[in-house]
Amino acid sequence: MSADYQGAHVRVQLTNGESMEGIVSSLTSSLLSLTPADRRSSKIDLFSYEVADLEILDLKPSQKESSSSSPSPPLPPSRKPVSIMKRQSPPPPVERHDGRKKGSAFSVPVSRIDTDFDFASSNKLFQKDEIFDEWRAQEGGNVSHHNPEKIKPSEMVLRRSPVRTFTFSGEFQTDEKIPVVGLSLSRRIAVFKNAINSGLSYSHVVSVAGMAMAQMTIQLLGGTCRVNPQNHNKPPVAVVLVSSGDGGKVALTAALHLSQHSVSVQVLVLDKPQGCDGMLNVLSKYLVQSVSCLPAVVDIIIDGIQDRNTLLRWPGWLDSIIDWTEESAAPLLAIDPQHPNKLPRTPPVAKWSCALGAPLLSQGNVGRLFLMDIGLFPSAFQDQDIAYTSPFFDKFVIPLHRTTS
């Protein structure tokens, strides 16, 4: 009888409540192949347990012709029950040799699959200690799985090698309690000369210090939260003060880097440093002529004018610079300040200061002190009887703390 329905136009009622119409391609006791009536999609296969009812809308033409030419039994009614119309349940799960049923997930009854999973109560039933102990027993080891100490997110999983032994005690120390020796200005100049004579070039020192100063400035301005191409707000403003000393040259180099990192730079050259004509030419569009031309709203001031020679000369423009920094109230980052004992007036007060290579013993009020790596090596300190060991590790600028008054 199944062959009689091939080519018939039928309507199928599914067990999920939906219905569809199509042409019967093939029909067996367990499978119905149906071509949709609109011919817009491919053949659909329906299993017996998916079909609740089948209604014949029209027979195939061959059956109609045969019924009119020769006597035959009466045609089936519009609703003709066949074997596929009887809903059949899926086959029961097969018992396996390990006691579980094939087709069941971890022997969980099917009636519980549709219910909400209670994770909290199930987690309490999970005996982690017993399972771990069983695993270790199978592996032949009895190592405890308890962590002796908690590791902070900022700490490394692999422990660092023991801290190296230092043969000197310093006036300063890092966050890791590593001592850093403080030098007088004359001793530090001698260290710099030894380093330059040993192959460290002066231009390299200025270049490295300027880049490190620019990186520190960007972090003080807010880092990627403030300096990035997606920031549609006004870019941060940095005023760079330049004199003829070493700090002025470092400040110029920092200004060059900041101008390429979405920072609005304004450079005021108060004393022209020697050997910087090319850099001044590159920064020509960022130069301002006088203090009165500086912007009213400033995010940070980079101070490269507090070297010893400039402060001893005390040029006429220094008073106007001090007045402007006090009125601006912007935070000031000083480059290697070197304060003599007696000055006509207190220099611009810095919130942060960066020492180049080694901190000075007497620096006055310099705010929060940082140490910048400029490439000094241990042999440069040998003539000063200092057993130097680099305190920088993975950083190029590190904070320092005083250990003595």
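Per-chain numbering applies: the sequence of each chain, read as written, is numbered from 1 onward. The predicted origin of the model limits local features to residues at a pLDDT of at least 70 and limits the giving and counting of side-chain atom pairs to 80 or more, whereas totals for whole chains, interfaces and linings rest on all residues. Where side-chain values are given, they derive from all heavy atoms of the structure, hydrogens and water being excluded.

A. A look at the overall build of the protein. Looking only at helices and strands, the protein has 9 helices and 18 strands in total. Using a 1.4 Å probe on the protein chains alone, a residue whose accessible area is under 20% of its type maximum counts as buried, one over 50% counts as exposed, and one in between counts as partly exposed. Out of the 405 residues belonging to the protein, those deemed buried represent 37%. Pairs at least 24 apart in sequence give 63% of the contacts found in the protein among residues at least 6 apart. Using a 1.4 Å probe, accessible areas were evaluated by the Shrake-Rupley method; residue-level cover was limited to the displayed protein chains. Accessible surface for the protein amounts to roughly 24900 Å². Of this, 53% is attributable to carbon and sulfur atoms. By definition, any uninterrupted DSSP run of H or I lasting at least four residues is a helix, any uninterrupted run of E lasting at least two residues is a strand, and each is numbered from the N terminus. Contacts are assigned to residue pairs with any non-hydrogen atoms lying within 4.5 Å of each other.

B. Region of interest: the sheet that holds strand β4 (residues 44–47). Only strands joined by at least two bridges in the DSSP assignment are considered to pair. The antiparallel open sheet is built from 5 strands, whose spatial order is β4-β3-β2-β1-β5. The sheet is open, and its two borders are formed by β4 and β5 (51–58), each paired with just one other strand. In this sheet, adjacent strand axes meet at a mean angle of 45° when their direction is disregarded. Judged from the 5 bridges that link them, strand β1 (residues 9–14) and strand β2 (residues 19–27) form a sheet pairing that is antiparallel. Across the sheet, glutamine 13 pairs through a bridge with serine 19, a residue of β2. To obtain an axis, a line is fitted to C-alpha atoms, over the contacting stretch when the element is a helix, and the angle between two such axes runs from 0 to 180 degrees between their N-to-C directions.

C. Looking closely at the packing of aromatic side chains. For Phe, Tyr and Trp, where Trp contributes only its six-membered ring, two rings pair if their centres lie within 6.5 Å, and the inter-plane angle classes them as stacked under 30 degrees, edge-to-face over 60, or tilted in between. Tallied over the entire structure, the rule returns 3 aromatic pairs. Note on phenylalanine 132 and tryptophan 135: the rings are 5.5 Å apart at their centroids and 40° apart in plane angle, and the pair reads as tilted. You can see phenylalanine 132 and its partner tryptophan 135 sitting in helix α3 (residues 128–139), 3 residues apart, about one turn around the helix. For the pair phenylalanine 381 and tyrosine 388, a centre-to-centre distance of 4.2 Å together with 10° between the ring planes defines the contact as stacked. The buried category is assigned to tyrosine 388, whose relative accessible area is 12%.

D. Summary view of the nonpolar core. For the purposes of this section, nonpolar cores are sets of buried Ala, Val, Leu, Ile, Met, Phe, Trp, Tyr and Cys residues that join through side-chain atoms within 4.5 Å. Counting 55 residues, the largest nonpolar core has Val240, Val265, Val267, Met372 and Phe381 as its most contacted members. Per-element tally for this core: the top contributor is helix α5 (residues 202–221), with 8 residues. Filtering out sequence-adjacent residues up to four positions away, methionine 372 remains in contact with Ala209, Ala212, Met213, Cys354, Ala355, Leu356, Gly357, Phe392, Phe396 and Val397. Formed by 21 residues, the second largest nonpolar core is a distinct cluster that contains Val239, Leu241, Ile322 and Ala334.

Shape descriptors only; they carry no functional weight alone.
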